[in-house]
Every structure is written in structure tokens, then in C-alpha cells.
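Inside the fold
Below are the chains, spelled out letter by letter.
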Amino acid sequence: MAASAFIKECPPDIKLIAPPENILDVTDKTRIQDVFDKYQPRVVIHLAALTDVDYCEEHPSEALLVNAKGTLNVGQVCKQNNAFMVYLSTGSIFNGESKEPYFEDAKPAPVNIYGHSKYQGELCLRTVFRNSPYLIVRSCWFFGGDEKDKKFVQQIKEKLEKKLPIYAAKDLRGTPTYTRDLAKAVYYMLSRSLDGVYHFANQGVVSRSEMVQVIADNLRVSRYELIPVNSYDLNLLAPRPSLEALNCRKLEKTGFDNRPWTDALKEYLGNCQFSQNKT
Ligand SMILES: NC(=O)c1ccc[n+]([C@@H]2O[C@H](COP(=O)([O-])OP(=O)(O)OC[C@H]3O[C@@H](n4cnc5c(N)ncnc54)[C@H](OP(=O)(O)O)[C@@H]3O)[C@@H](O)[C@H]2O)c1
């Protein structure tokens, strides 16, 4: 869902090409090279991934093929063609045991296959670009996909609309991130020629159950049934790190103007359709 934000936020001086998966399957290096031959990109923002954490847990080979080998393929073709590569990674590469949001140099120790496969992607790029610049941007808990949104905010919106009870984890904490702010941050980093590893998420740390309350408040729904639970009770297939929050000071110190996730969510939900009777 981040791809649409990168299209919407693309600065006018950049010509953006966004080939769909049937044209560019990252597991097929020949097809990546074909796309390079056709468009000769100078910069590649690599967003393609399997992002359903429970699906990845059930399909580890496929997760590694797309998220790690796919990233290696894109990296190798970028290197051969002198294109600058940006890789979107995740706070899921950490084990969640920290008390504070993670800095860029914290030690990765993923607790699930998705996090493992994304971290393997990072390691592949470290090898491919040993002596050349590239950019890894780790982020967390996206919202903002509009009609393509399948993630937490959309799931909660649908439950509020249908007046269903909402079970949400009180022990999983993260930094929600508006995909349009993420896209702005990445374009900013490119404009400043930043490389290395950067964290970007909106400001603030929140649990999933607290997030439900903020979503409902924004949609002006006052009557709903929220049941805060421990993530263990949700019977999730993949274990989740209890903290995925990211410290973004490294980027903010360069002058990037970040904002609280609550402001970003308000803007996003203000633009969304919502059909429930607001009682
Ligand atoms: N979502 C989050 O909260 C989050 C947080 C931090 C970082 N990230 C990272 O940010 C990036 C974008 O995430 P997102 O939430 O926008 O993901 P998304 O909505 O799941 O989109 C990922 C896209 O990759 C495509 N894809 C899957 N396999 C592919 C393949 N073999 N070749 C080419 N394309 C393929 C998917 O196509 P189909 O739809 O056809 O499968 C989908 O369009 C990912 O790298 C993700 O790991 C996400």
C-alpha cells in the first residue's frame, strides 16, 4: 500500500515508473534487468515484499524467496547498472525486548519469519553494496493505503462500521506511520543524498488497543466494544515483537520535519469515507 503514496508524493522533478508485479517479479532477475533495459532508472525504491506476517510464518520459503532473494536480485541489478537503491525494511527485525524505541545501530534479532526475511534482505544488500552507497529505511505499522489498505487501521474501521467487538493487543507497541509521510521522508533523503540506515516513523509510541481508541475518536464513534487483550490470547500464528517502535532522531537531526502519528491519522481519516451511524 506504500506504493500509491510514493506515486502521490512524487516531486515534479522526478519521473516515476511503477511497474506492476506481472511486469516486474522480483524473484526473476531477468525480468528486473528487462525493466532496467527499458527504463534505465537512476534510483530504485524497492517496496515489493510479502508483508502478511502470519502468511510468511506459514510459508517461510516463499517469504525468504520474495523478501530476501528478491531484494538480493534487485540489489545486484542496481549495482550492475549503477542505480542507487532504497530498501524499505521494518522494525520487525528487532526482538521487541528494548524498553525504548530502537536506534539504527540496535542489534537485529527477529522473532518471526517476516522479520527474519526482511533482515536477510538487509544483509544481502550489505554484501552487494560493500563499497557503494545505498539506503535502508526501516519503518513501522503503516496506515494510509486508501482503498488498498488491508492493515490495522482499515481492519478497525471495518469493525467499527459493522459494530463488531474489537479485540486488540495491549502488549504490542509501535510507532504508526502514514505512508504519505514515509514517501515524503524518502524523497527528502534522496534530495539530500543520504545513505546508510535511517529509521522513519511518525512520532509517538502506542499500543494496538490504545490505537483503536484514537481511531474511534477520529471517526467520532463513541459507542463500541473494545476488549484489550494480551497478544497471546489473539492466537496469532506468528509471534510479534512487543515493541517495534523506532527512534527517528538521526533523520530529524538533518532537518526533516516529522509529526505525531495522531496528526497524520487525523488527516488520513478525515479524507476517508465512513458509513456507521456516529452514536
Ligand atoms: N506495512 C507495514 O506496516 C510496513 C512496515 C514497515 C516496513 N514495511 C515494508 O515496506 C514495504 C511496502 O510495504 P506495504 O505495506 O506497502 O506492502 P504491501 O501493501 O503488501 O505491498 C507489497 C507489494 O509487493 C508486491 N509483491 C509481492 N511479491 C512480489 C514479487 N515477487 N515481485 C514483485 N512484487 C511483489 C505485492 O503484490 P501483491 O499485492 O500482488 O501480492 C504488493 O503489491 C515492504 O517492503 C514492507 O516490508 C511495511
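Up top is the structure these notes are about.
In this report, the structure presented in the accompanying data block is examined. (Residues numbered from 1 in each chain as written. Predicted model: local features only at pLDDT ≥ 70, side-chain atom pairs only at ≥ 80, totals over all residues.)

With that settled, the discussion passes to the overall build of the chain. Scanning the chain from N- to C-terminus turns up 10 helices and 10 strands. Against the globule reference of 19 Å for 279 residues, the chain gives a C-alpha radius of gyration of 19 Å, in line with a compact fold. (Helix = DSSP H or I, 4+ residues; strand = E, 2+ residues; numbered from the N terminus. Rg over C-alpha atoms; globule rule 2.2 N^0.38 Å.)

Now for the site of the ligand. In the neighbourhood of the ligand, 22 residues make up the surrounding shell, with Ala2, Ala48, Ala49, Leu88 and Phe142 lying closest. Classifying every residue of the shell around the ligand gives 13 nonpolar, five polar and four charged. (Near = placed C-beta within 6 Å. Nonpolar A, V, L, I, M, F, W, Y, C, P; charged D, E, K, R; others polar.)

It is worth spelling out the packing of helix H6 (residues 152-161) against helix H8 (residues 208-218) at this point. One can describe the packing of H6 onto H8 by two numbers: an axis separation of 10 Å at closest approach and a directional angle of 60°. Between H6 and H8, the angle is such that the two are oblique. Where H6 crosses over H8, the two elements pack in a sense that is right-handed. From H6, Phe152, Val153, Ile156, Lys157 and Leu160 reach across to H8, where they touch Arg208, Val212, Ile215 and Ala216. (Axes fitted to C-alpha atoms, helices over the stretch in contact; angles between N-to-C directions. Parallel < 35°, antiparallel > 145°, perpendicular 65-115°, else oblique. Left-handed = near helix turned anticlockwise from the far one by under 90°. Contact = placed C-beta atoms within 7 Å.)

Okay, the sheet that holds strand S8 (residues 196-199) next. Pairing in this open sheet of four strands is parallel, and the strands run S1-S2-S3-S8 from one edge to the other. Two strands bound the open sheet, and with one partner strand each, they are strand S1 (43-46) and S8. Sheet twist, expressed as the mean angle between neighbouring strand axes with direction ignored, is 20°. Sheet analysis places strand S3 (residues 135-139) next to S8, joined by four bridges and oriented parallel. The residue of S8 that forms the bridge with Arg138 is His199. On top of the sheet, helix H7 (residues 179-191) reaches S1, strand S2 (84-90), S3 and S8; it is set at about 160° to S3, its chief contact. (Pairing = 2+ DSSP bridges.)

Here we take up helix H4 (residues 60-80). Between its terminal C-alpha atoms H4 stretches 29 Å, which fits the 30 Å expected from 21 residues at 1.5 Å a residue. Bending of H4 peaks at approximately 30° at the position of Lys69. The set of residues buried in H4 consists of Ala63, Val66, Asn67, Ala68, Gly70, Thr71, Asn73, Val74, Gly75, Val77 and Cys78. Looking at the packing, one finds that the buried side of H4 touches helix H2 (29-39), S1, helix H3 (53-58), S2 and helix H5 (113-128). After H4 finishes, the residue Asn82 shows a positive phi value of roughly 55°. (Expected span 1.5 Å × (residues − 1). Bend = angle between axes of the 7 residues up to and from the residue. Buried ≥ 20, exposed ≤ 12 C-beta atoms within 10 Å, placed from the backbone.)

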